[in-house]
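The lines below spell out each chain.
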Amino acid sequence: MRTRTLLALVLLALAAGCATEPRQTRNICAVFEQRNGFFSNWQHAAERAEKKYAVPVPILMATMYVESGFQPNARPPRTKLFGFIPWTRPSTAYGYSQALDGTWDHYQSATGNWAARRTNFADAIDFIGWYHYSNSQATGIQLNDAYRLYIAYYSGPKGYKRGDWRSNAQLQKTAQRFADMAATYQRQLQGCD
């Protein structure tokens, strides 16, 4: 009986650790230290995505930082009806990557990864790598150009090519914050143990 109870507690602790965002998110070394479990190792998942899609780990992780703050169930806030009644959400963005339903469906179809979930870190980081790579192929953006990759991530390749983002000061500001975070993660990653 004790063995069963102990096993249940260990499994519960593992599941709880996977379902919450890390506490220190502005330091990539700390993020990886907090999530280096046997079943869920974020650094290995990020490195696999980098190897598969040639998108640098700092850009992959900065995408997740800006999009969801590493929250597995992140969603855009609901709009308010009459200013106070919770209503619909402005988009279907969901999970670590904030992928829209249609984009996620396209990823699953293109990769054959039908079991992928937006709330699973390894699946979400693979999606981010795939989407940045796809946008790079469609737009000619270099895979180390964090600023432009983020704009294409947000706008999609067609929106990026149309240049709609040029009149969107908020998007440009967020893209700069993203590029700064990617650069910070790059510097930090060189000193990780």
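An unreviewed UniProt entry lists the protein chain under the name Lytic transglycosylase-like protein, with Rhizobium gallicum bv. gallicum R602sp as the source organism.

Right, let's talk about the state of the cysteines for a bit. This structure, assessed with the given rule, holds 1 disulfide. Covalent S-S linkage joins Cys 29 and Cys 192, the inter-sulfur distance amounting to 1.9 Å. An S-S torsion of about -95 degrees defines the bridge between Cys 29 and Cys 192 as left-handed. Residue Cys 29 is found in helix 2 (residues 28-34), and its partner Cys 192 is found in the segment after helix 8 (169-189); the two are separated by 163 residues along the sequence. The buried category is assigned to Cys 29, whose relative accessible area is 15%. The exposure class of Cys 192 is partly exposed, given its relative accessible area of 23%.

A few words on helix 4 (residues 57-68). Helical geometry: 3.6 residues make up each α-helical turn, so side chains three or four residues apart lie on a common side. Look at helix 4: 16 Å from first C-alpha to last across 12 residues, which is about the 16 Å you get at 1.5 Å a residue. Burial of helix 4 is extensive: 11 of the 12 residues sit out of reach of the surface. For helix 4, the complete set of buried residues consists of Val 57, Pro 58, Ile 59, Leu 60, Met 61, Ala 62, Thr 63, Met 64, Tyr 65, Val 66 and Ser 68. Tucked inside the fold, the buried residues of helix 4 contact helix 2, helix 3 (42-53), helix 6 (121-139), helix 7 (146-162) and helix 8.

Scanning the model with the defined rule gives 4 salt bridges in all. Residues Asp 101 and Arg 118 are paired through a salt bridge, measuring 2.8 Å at the closest nitrogen-oxygen approach. With Asp 101 in helix 5 (residues 101-111) and Arg 118 in the loop between helix 5 and helix 6, the pair connects residues that are 17 residues apart, well separated along the chain. For Asp 101, a relative accessible area of 32% corresponds to the partly exposed category. Here Arg 162 makes a salt bridge to Asp 164, at a shortest N to O gap of 3.0 Å.

Next up on the list: helix 6. Over its 19 residues, helix 6 runs 27 Å from end to end, which matches the ideal 27 Å to within 8%, given 1.5 Å per residue. One side-chain oxygen at the N-terminal end of helix 6 lies 3.0 Å from the backbone nitrogen of Ala 122; it belongs to Asn 120. Positioned one or two residues after helix 6, Gly 140 has a phi angle of 85 degrees, which is positive.

Let's shift gears to the packing of helix 6 against helix 7. Helix-helix packing is characterised by the crossing angle of the two axes and by the distance between the axes. Axis separation between helix 6 and helix 7 bottoms out at 10 Å; the angle between their running directions is 45 degrees. By the angle class used here, helix 6 and helix 7 are oblique. By crossing handedness, the relation of helix 6 to helix 7 is classed as left-handed. Where helix 6 approaches helix 7, its residues Phe 127, Ile 128, Tyr 131, His 132, Asn 135, Ala 138 and Thr 139 are matched on the opposing element by Leu 149, Ala 152, Tyr 153, Gly 156, Pro 157, Tyr 160 and Lys 161. Split by residue class, the contact of helix 6 with helix 7 holds 9 nonpolar, 4 polar and 1 charged.

About the criteria used
Residues numbered from 1 in each chain as written. Predicted model: local features only at pLDDT ≥ 70, side-chain atom pairs only at ≥ 80, totals over all residues. Heavy atoms only, no water. Disulfide = S-S within 2.5 Å. Helix = DSSP H or I, 4+ residues; strand = E, 2+ residues; numbered from the N terminus. Buried < 20%, exposed > 50% of the residue type's maximum accessible area, 1.4 Å probe, protein only. Expected span 1.5 Å × (residues − 1). Contact = heavy atoms within 4.5 Å. Salt bridge = Lys/Arg side-chain N within 4 Å of Asp/Glu carboxyl O. Polar contact = N/O pair within 3.5 Å; in protein donor to acceptor, adjacent residues only side chain to side chain. Axes fitted to C-alpha atoms, helices over the stretch in contact; angles between N-to-C directions. Parallel < 35°, antiparallel > 145°, perpendicular 65-115°, else oblique. Left-handed = near helix turned anticlockwise from the far one by under 90°. Nonpolar A, V, L, I, M, F, W, Y, C, P; charged D, E, K, R; others polar.

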